[in-house]
Amino acid sequence: DVKVTQSSRYLVKRTGEKVFLECVQDMDHENMFWYRQDPGLGLRLIYFSYDVKMKEKGDIPEGYSVSREKKERFSLILESASTNQTSMYLCASSLGTSGSREQYFGPGTRLTVT
Amino acid sequence: DQQVKQNSPSLSVQEGRISILNCDYTNSMFDYFLWYKKYPAEGPTFLISISSIKDKNEDGRFTVFLNKSAKHLSLHIVPSQPGDSAVYFCAARGSTNEKLTFGTGTRLTIIP
């Protein structure tokens with residue numbers, strides 16, 4: 001069974017703080033993704049990585065950066081948190097070579113920025 | 001530009017009846033389509049997928065139908081059970097693209 005874990009289930013931060021969200025997968029997947037989920041907007045891709053030290057912008061990268069130093073770990077960084085970054089953050093991973101390349105998700109981190 | 005659309009934000013179905021969730025897409029480059037189920041406070045879990053070379057894929061109580069000419073897919077759940085109450089997302093991607101584009105979700109409620 002694929003296991004994707006995220007460092008925190010709930011997080012409360014102040015405006016302007018630097019925030020780190022960590023994600024670890026244990027299935028040697030090449031691809032890792034960060035999404036945010038907001039009511040009425042579905043899941044929107046922030047960044048993804050298809051290999052160590054490789055990253056690509058998703059649909060809404062502004063205000064975020066990422067780091068992938070090891071294959072199993074993908075970090076999302078909010079350089080200076082703002083209230084409009086209050087959201088549910090979801091990490092996912094996928095094997096690069098399977099047909100439908102389904103993504104496996106972690107449990108999510110509910111981030112509140114006050 | 002919403003490339004994957006789920007026009008029904010919510011749907012209520014009696015237990016034992018059929019649930020039909022719909023999804024439309026605009027990008028003709030999409031080749032794979034997936035359905036995910038999400039419970040509150042959990043990450044989405046993969047349900048079923050279909051590639052564009054097929055028009056139907058079945059897995060137990062779940063069947064996905066694809067109509068390429070209409071750019072429409074649907075998920076049928078038969079019979080519906082209380083545990084099926086969740087938010088369902090459809091997603092799509094191109095054959096050379098690792099990125100999934102998600103719809104906005106449909107909240108399914110199964111009435112006992």
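The sections below set out a description of the structure shown in this document. Not measured: the values here are computed from a predicted model. (Residues numbered from 1 in each chain as written. Chains lettered and ligands numbered in written order. Predicted model: local features only at pLDDT ≥ 70, side-chain atom pairs only at ≥ 80, totals over all residues. Heavy atoms only, no water.)

**Some words on the overall build of chain A**
Secondary structure assignment for chain A yields zero helices and eleven strands. Ordered by position from N to C terminus, the α and β elements of chain A give β-β-β-β-β-β-β-β-β-β-β. The principal-axis extent of the C-alpha atoms belonging to chain A is close to 40 × 30 × 25 Å. Taking as baseline every contact in chain A between residues at least 6 positions apart, the subset at least 24 positions apart corresponds to 56%. When the accessible area of chain A is evaluated, it comes to approximately 5500 Å², of which 49% is carbon and sulfur surface. Side-chain charges of chain A comprise 16 positive and 15 negative groups, with the mean position of each set lying 5 Å from the other. (Helix = DSSP H or I, 4+ residues; strand = E, 2+ residues; numbered from the N terminus. Contact = heavy atoms within 4.5 Å. Areas by Shrake-Rupley, 256 points an atom, 1.4 Å probe, with all protein chains shown as cover. Lys, Arg positive; Asp, Glu negative; His and termini not counted. Charge placed at Lys NZ, Arg CZ, Asp CG, Glu CD.)

**So, the layout of surface pockets**
Within this model, the largest pocket holds a volume of roughly 380 Å³. Lining the largest pocket are 20 residues, and of these A:Gln37, A:Pro39, B:Val87, B:Phe89 and B:Arg107 lie nearest its centre. Every element with two or more residues in the lining of the largest pocket is listed here: strand 4 (31–38) and strand 9 (87–94) of chain A together with strand 9 (86–94) of chain B. Ranked by the residues each element gives to the lining of the largest pocket, the list is headed by strand 9 of chain B, at three residues. (1 Å grid on protein atoms, 1.4 Å probe; cavity = no way out; pocket = protein on both sides within 12 Å on 5 of 7 lines; lining within 4 Å. Points joined across faces, edges and corners; volume = space filled by probe spheres on them.)

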